[in-house]
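Given next are the chains, with one letter for each unit.
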Amino acid sequence: MRRRWMSAILALTMALALTACGGDSSSSSSNDSTPAESTPAAPTVEIPPVEDLTGTDTSAIPGLEDGVLTVGMECAYAPYNWTQMDDSNGAVPIKGSSEYANGYDVMIAKRICEAYGWELEIVRTDWNSLVPGIQSGLYDAVIAGQSMTEDRMEQVDFAGPYYYASIVCVAKDGSPQASAKGISELTGTATAQIETIWYDTCLPQIEGAQIQTAADPGPAMLMALETGAVEFICTDIPTAKGAVAAYDDMVILDFTDTEDNFQVDEGDINIGISLKKGNTELKDAINKVVSALNKDNFDNLMDYAVSIQPLNQ
């Protein structure tokens, strides 16, 4: 669980919007009584206030001696994280660029930093560089929608979970796949993001799936579905919510409450914050903040992130 395609689509969306709203200047005279449409306001997010932990001595935490929490993420995996051109909705500057990062992961990172009075530094990198970056000390933490799988836990430590993400499929509305009531009824071409449980563990459980090459970067799986290169994709519920918010011809296939569903471990759906092995001090500090939120709080914050993601504006 992503990348540059979002900027291109956002630019196209903005261009089309300007074309639609511009037109002949004579059409917008003072005699036009049609009221202008307003952009719906984002929903209010209801979560507990941040606990004030600024009196805690965190100077001995490895990596936090300077009071700066450096966080790695793709900045291209809405609604977890994305890139935007300004600081609207609380976006944070991306190190080494004139752009800003926002999304659920950024909101969680900001909450952690606010609690302790740390400065937040966002570093943009690709998906495959997240774990190596933690291991090499390039970032203090990775907050990027990573599942807490056994394989990853052998390479890094995890704080959290900071979200619980059930696994679903996404198909085109009106397609044969859209009527499936379980994974046993799914057939056709499919893909998911490279090096994820969606591709490695879940898609192989669908006997009727004709599994295509893994999508790299992640958002390429949405483009594959939108263009008809595949008939359905497998992903997690936040990514799926972001997809249907951006594409009105896509629908979510959620088999969570059925017996005909994916068989996954708890770690596969628990989303965590990865840290360098042995950095228990930072893990404990982050867990103290994250544990103050429950599943409903996580869901409310994620729904807010979906509502303000660039492709939904």
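Shown above is the structure to which this text applies.
Caption draft 1: Looking closely at the overall build of the chain. Scanning the chain from N- to C-terminus turns up ten helices and 13 strands. Summed over all atoms, the accessible surface of the chain reaches about 14,800 Å², with 49% contributed by carbon and sulfur.

Caption draft 2: A look at the sheet that holds strand β5 (residues 119-124). Read from one edge to the other, the open sheet built from five strands follows the order β5-β1-β6-β13-β7, with strand pairing classed as mixed. Each edge of the open sheet carries a strand with a single partner, namely β5 and β7 (157-164). For this sheet, the mean inter-axis angle between neighbouring strands, taken without regard to orientation, is 30°. Pairing between strand β1 (residues 68-73) and β5: six bridges, direction parallel. Each bridged residue has a counterpart across the sheet, and for glycine 72 the counterpart in β5 is valine 123.

Caption draft 3: Region of the structure containing the sheet that holds strand β2 (residues 82-84). Ordered by their spatial adjacency, three strands build an open sheet running β2-β4-β3, and the pairing between neighbours is antiparallel. With partners counted over all chains shown, the strands left at the sheet margins are β2 and β3 (92-93), one partner each. Note that β3 and strand β4 (residues 100-102) share two bridges and pair antiparallel. Following the sheet pairing, valine 92 is matched in β4 by alanine 101.

Caption draft 4: Representation of the packing of helix α2 (residues 104-116) against helix α10 (residues 295-308) in the model. Axis separation between α2 and α10 bottoms out at 9 Å; the angle between their running directions is 125°. Our classification of the angle between α2 and α10 gives oblique. Contacts from Tyr104, Met107 and Ile108 of α2 reach α10 at Phe298, Leu301, Met302, Tyr304, Ala305 and Ile308. Residues belonging to the contact of α2 with α10 are distributed by class as follows: nine nonpolar, no polar and no charged.

Caption draft 5: Main features of the pattern of salt bridges. Overall, the coordinates contain six salt bridges when judged by the stated rule. With a closest N to O distance of 3.8 Å, glutamate 121 and lysine 95 form a salt bridge. In this pair, glutamate 121 is assigned in strand β5 and lysine 95 in the loop between β3 and β4, connecting sequence segments 26 residues apart. Taking the relative accessible area as the measure of exposure, glutamate 121 reaches 23% and is therefore partly exposed. Using a relative accessible area of 53% as the deciding quantity, one classes lysine 95 as exposed. Two residues, aspartate 303 and lysine 241, come together in a salt bridge whose shortest N-O distance is 3.1 Å. Placement of the pair is aspartate 303 in helix α10 and lysine 241 in helix α7 (residues 237-246), with a sequence separation of 62 residues.

Caption draft 6: Structural detail: the packing of aromatic side chains. Summed over the entire model, instances satisfying the criterion amount to five aromatic pairs. Ring geometry for tyrosine 104 and tyrosine 162: centres 5.7 Å apart, planes at 20°, overall stacked. Of this pair, tyrosine 104 sits in helix α2 while tyrosine 162 sits in strand β7, and the two are 58 residues apart along the sequence. With relative accessibility at 0%, the residue tyrosine 104 sits in the buried group. Through a chain of ring-to-ring contacts, the aromatic side chains of Tyr104, Tyr162 and Tyr163 assemble into a single cluster.

Caption draft 7: Representation of the side chain of asparagine 279. Positionally, asparagine 279 belongs in the loop between β13 (270-275) and α9 (280-290). Contacts of asparagine 279, omitting those with residues within four sequence positions, involve Ile61, Pro62 and Asp157.

Caption draft 8: A look at a negative patch on the surface. A cluster of acidic side chains, namely Glu150, Asp151, Glu154, Asp265 and Glu266, defines a negative patch on the protein surface. With respect to the helices and strands, glutamate 266 occurs in helix α8 (residues 266-269). You can call glutamate 266 exposed: its relative accessible area is 61%.

Caption draft 9: Quick peek at helix α6 (residues 220-227). Within α6, the full set of buried residues consists of Met221, Leu222, Ala224 and Leu225. Along α6, the residues classed as buried sweep out an arc of 155° about the axis, all on the same side. Looking one or two residues beyond α6, the residue adopting positive phi is glycine 228, at roughly 90°.

Conventions and cut-offs
- Each chain has its residues counted from 1, following the order in which its sequence is written.
- Selection of residues for local features in this predicted model requires a pLDDT of at least 70, selection of side-chain atom pairs for listing and counting requires 80 or more, and totals for whole chains, interfaces and linings are taken over all residues.
- To get the side-chain values, all heavy atoms of the structure are used, and hydrogens and water are removed first.
- Under the scheme used here, helices are H or I runs from DSSP no shorter than 4 residues and strands are E runs no shorter than 2 residues, and both carry numbers assigned from the N terminus.
- All accessible areas in this document rest on Shrake-Rupley with a 1.4 Å probe, and a residue is counted as covered only by the protein chains that are shown.
- The pairing criterion for strands is at least two bridges between them, as found by DSSP.
- Axis lines are fitted to C-alpha atoms, over the contacting stretch for helices. Their N-to-C directions set the angle, which ranges from 0 to 180 degrees.
- Between 65 and 115 degrees an angle is taken as roughly perpendicular, under 35 as roughly parallel, over 145 as roughly antiparallel, and anywhere else as oblique.
- For this analysis, residues touch if any pair of their heavy atoms sits within 4.5 Å.
- As a working rule, the residues Ala, Val, Leu, Ile, Met, Phe, Trp, Tyr, Cys and Pro are called nonpolar, Asp, Glu, Lys and Arg charged, and the rest polar, with Gly in that last group.
- We define a salt bridge as a side-chain nitrogen of Lys or Arg found within 4 Å of a carboxyl oxygen belonging to Asp or Glu.
- We call a residue buried when its accessible area falls under 20% of the maximum for its residue type, exposed when it is over 50%, and partly exposed in between, using a 1.4 Å probe and counting protein chains only.
- Planes of paired rings set the category: under 30 degrees apart is stacked, over 60 is edge-to-face and the rest tilted, where pairs are Phe, Tyr or Trp rings (Trp by its six-membered ring) whose centres lie within 6.5 Å.
- Surface patches are defined over residues having more than 30% relative accessible area and no salt bridge, joining like charges when they lie within 9 Å and nonpolar side chains (Val, Leu, Ile, Met, Phe, Trp, Tyr) when within 5 Å.
- Just so you know, the count uses Lys and Arg for positive and Asp and Glu for negative, and it drops His and the chain ends.
- Charge positions are represented by NZ for Lys, CZ for Arg, CG for Asp and CD for Glu.
- Starting at the helix axis, one direction is taken to each C-beta atom, and the arc is that of these directions.

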